[in-house]
Amino acid sequence: MQPHIMGWCQQLGIHFFRRSKLLSHSCQQGLLLTATQCSSLHSAPNNVPVQTVRDVINKLSIMVGASQSYGSTIEDRTQLLKLLPKSQDELPPRKMMDSWDSALIPLSSDSRLREKYLTFKGGVRVGRLLEDLDVFAVWLCYKHVLLPSQSSHPDLPSPYTIVTAMVDRMDFSKGAQLDPNLDIRLSGHVSWAGRSSMETVLKVDQLQGGTWKQVTSALFVMVARDPLNQGSVVVNPLVPETEEERSLFQQGMLNKLSRKLVNEESLFKMPPNETEKSLVHELFMSMADPEQHSFAPKHKPTEDARWMEDTKIKNIILCHPE
């Protein structure tokens, strides 16, 4: 094995060792969000959204003052800086109900839209669904933000720029499958808010047999930035009301702690500890030939192991109908 590849493998092994160790502890302590906790907090089980995902995109475009074409002149957003709060004390607290919303992807009635979600195997494109979830998470965060200073400037777009920090978690319900001929419902709300970051709990249901059945739950972490995207901005504090909301809010706090621990344990910030060094050395010795003092791997660490070179793929192109 080449030295640079070996070094990469050592870092990768330590990273997964640290990550699995932290996540194992998190799971034991109940830190991670599970699909069962992504319940429909404020909606009726068979609620049909009055808006579509396209409606949400149109509302967002107006709210942020987005250009309608590539040739449009980019407006100066510097004037929006004066609307930003200096601290959270200037912002009123918000409830989870304030940001809750739902939107429909009407696959059953819109044949042209259905083509955009169809895979080459006749299923639903998960990548397209992720795009919708991302936009919807941004929409929920804008609903959470309430800026008193903007009430006197209704003609100006929002001074906030909401960006996606990460998709922290995404769970598919066991045995659930998406049908490209049936309507899909997105729903969710902001479940935790810090100084400038927010967590959104999202749920994907599909109308099957006259009943909405959960297919996917997801957790998106979003960050509020200034209108020039040069720095973070404070957002409204979130106040949970019910026991379920307090549980979700506490879960958000623990999720943030888990992410912080993983970040602090990164190899970019600290060297491997003695346990991790031993782990990598044991892996190395299980593949090397100590009698020949060779660095080239001669043995597989386990019978079901595979060499990287045997898994090489040159090119795969998946062409969807659209």
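Look above for the structure.
Residues numbered from 1 in each chain as written. Predicted model: local features only at pLDDT ≥ 70, side-chain atom pairs only at ≥ 80, totals over all residues. Heavy atoms only, no water.

A. The pairing of strand S5 (residues 211–225), seen in detail. Burial of S5 is extensive: 11 of the 15 residues sit out of reach of the surface. Bridging between strand S2 (residues 161–172) and S5 involves 10 bridges; their strand directions are antiparallel. From the neighbouring strand, Met170 faces S5, where its bridge partner is Ala218. Bridge count for strand S4 (residues 197–208) against S5 is 12 bridges, and the pairing is antiparallel. For Met198, the partnering residue across the bridge sits in S5 and is Met222. (Buried < 20%, exposed > 50% of the residue type's maximum accessible area, 1.4 Å probe, protein only. Helix = DSSP H or I, 4+ residues; strand = E, 2+ residues; numbered from the N terminus. Pairing = 2+ DSSP bridges.)

B. Examining helix H6 (residues 243–264) more closely. With 22 residues, H6 should cover 32 Å at 1.5 Å per step; its first-to-last C-alpha distance of 32 Å lies within 8% of that length. For H6, the set of buried residues is Glu245, Leu248, Phe249, Gln251, Gly252, Asn255, Ser258, Arg259 and Val262. (Expected span 1.5 Å × (residues − 1).)

C. Up close: the side chain of Asn236. Among the secondary structure elements, Asn236 is positioned in the loop between S5 and H6. Its relative accessible area of 0% is what places Asn236 among the buried residues. Polar contacts involving the side chain of Asn236 include one to the main-chain carbonyl oxygen of Pro92, which spans 2.8 Å. Filtering out sequence-adjacent residues up to four positions away, Asn236 remains in contact with Gln88, Leu91, Pro92, Arg94, His144, Val145, Leu146 and Ala193. (Polar contact = N/O pair within 3.5 Å; in protein donor to acceptor, adjacent residues only side chain to side chain. Contact = heavy atoms within 4.5 Å.)

D. Region of interest: the environment of Val50. Here Val50 lies in the loop between helix H1 (3–29) and helix H2 (53–64). For Val50, a relative accessible area of 85% puts it in the exposed group. Through-space distance from the C-alpha of Val50 to that of Ala103 is 7.2 Å; in sequence the pair is 53 residues apart.

E. Broad picture of the sheet that holds S4. Reading across from one edge, S1-S3-S4-S5-S2 is the order of the five strands in this open sheet, with antiparallel pairing throughout. A strand with exactly one partner marks an edge of an open sheet, and here the two such strands are strand S1 (101–105) and S2. The sheet shows a mean angle of 25° between the axes of neighbouring strands, taken without regard to direction. Across the sheet, helix H5 (residues 126–144) is in contact with S1, S2, strand S3 (184–193), S4 and S5; its angle to S3 comes to roughly 45°. Running over the sheet, H6 touches S2, S3, S4 and S5 and is turned about 75° from S3. (Axes fitted to C-alpha atoms, helices over the stretch in contact; angles between N-to-C directions.)

F. Main features of unusual backbone geometry. In this structure, Asn229 is a non-glycine residue whose phi angle is positive, near 55°. Relative to the helices and strands, Asn229 resides in the loop between S5 and H6. When its relative accessible area of 44% is taken as the criterion, Asn229 is described as partly exposed.

G. Expanded view of the pairing of S1. Of all five residues in S1, five are buried; the element is thus mostly enclosed. Residue alternation in S1 divides its side chains into two sets, Asp101, Ala103 and Ile105 and Ser102 and Leu104, and both sets are buried. Relative to S3, S1 runs antiparallel, the two being bridged by five bridges. Its bridge partner lying in S3, Asp101 is registered against Gly188.

H. Molecular detail of H5. The terminal C-alpha atoms of H5, which comprises 19 residues, lie 27 Å apart, in line with the 27 Å expected from a rise of 1.5 Å per residue. The complete set of buried residues in H5 reads Arg128, Leu129, Asp132, Leu133, Phe136, Ala137, Val138, Trp139, Leu140, Cys141, Tyr142 and His144.

I. Fine view of the nonpolar core. Ranked by internal contacts, the top residues of the largest apolar core, which has 48 residues, are Ile105, Tyr160, Ile162, Ile184 and Leu186. Only H2, S1, helix H4 (111–117), H5, S3, S4, S5 and H6 provide two or more residues apiece to this core. In contact with Tyr160, other than residues within four places in its own chain, are Arg77, Leu84, Pro85, Leu91, Tyr142, Val145, Leu147, Ala224, Arg225, Val233, Val234 and Val235. (Core = buried A, V, L, I, M, F, W, Y, C linked by side-chain atoms within 4.5 Å.)

J. Focus on a nonpolar patch on the surface. Together, Phe120, Ile313, Ile316 and Leu318 line one region of the surface with nonpolar side chains, adding up to about 450 Å² of accessible area. As for its position among the elements, Leu318 is in the segment after helix H7 (274–287). (Patch = residues over 30% accessible without salt bridge, like charges linked within 9 Å, V, L, I, M, F, W, Y side chains within 5 Å. Areas by Shrake-Rupley, 256 points an atom, 1.4 Å probe, with all protein chains shown as cover. Salt bridge = Lys/Arg side-chain N within 4 Å of Asp/Glu carboxyl O.)

K. Broad picture of the pattern of salt bridges. Overall, the coordinates contain 11 salt bridges when judged by the stated rule. Linking Lys203 and Asp205 is a salt bridge whose minimum nitrogen-to-oxygen distance equals 2.9 Å. Overall, Asp205 belongs to the buried group, its relative accessible area being 2%. Members of the salt-bridge network, linked through shared partners, are Asp168, Glu199 and Arg259.

L. Representation of the packing of H2 against H5 within the structure. Running from N to C, H2 and H5 point in directions that differ by 50°, and their axes come no closer than 10 Å. Compared by their axis directions, H2 and H5 come out oblique. Here H2 runs over H5; the crossing is left-handed. In contact with Val53, Val56, Ile57, Lys59, Leu60, Met63 and Val64 of H2, H5 contributes Asp132, Val135, Phe136, Val138, Trp139 and Tyr142. The class makeup of the residues in the contact of H2 with H5 is 11 nonpolar, no polar and two charged. (Parallel < 35°, antiparallel > 145°, perpendicular 65-115°, else oblique. Left-handed = near helix turned anticlockwise from the far one by under 90°. Nonpolar A, V, L, I, M, F, W, Y, C, P; charged D, E, K, R; others polar.)

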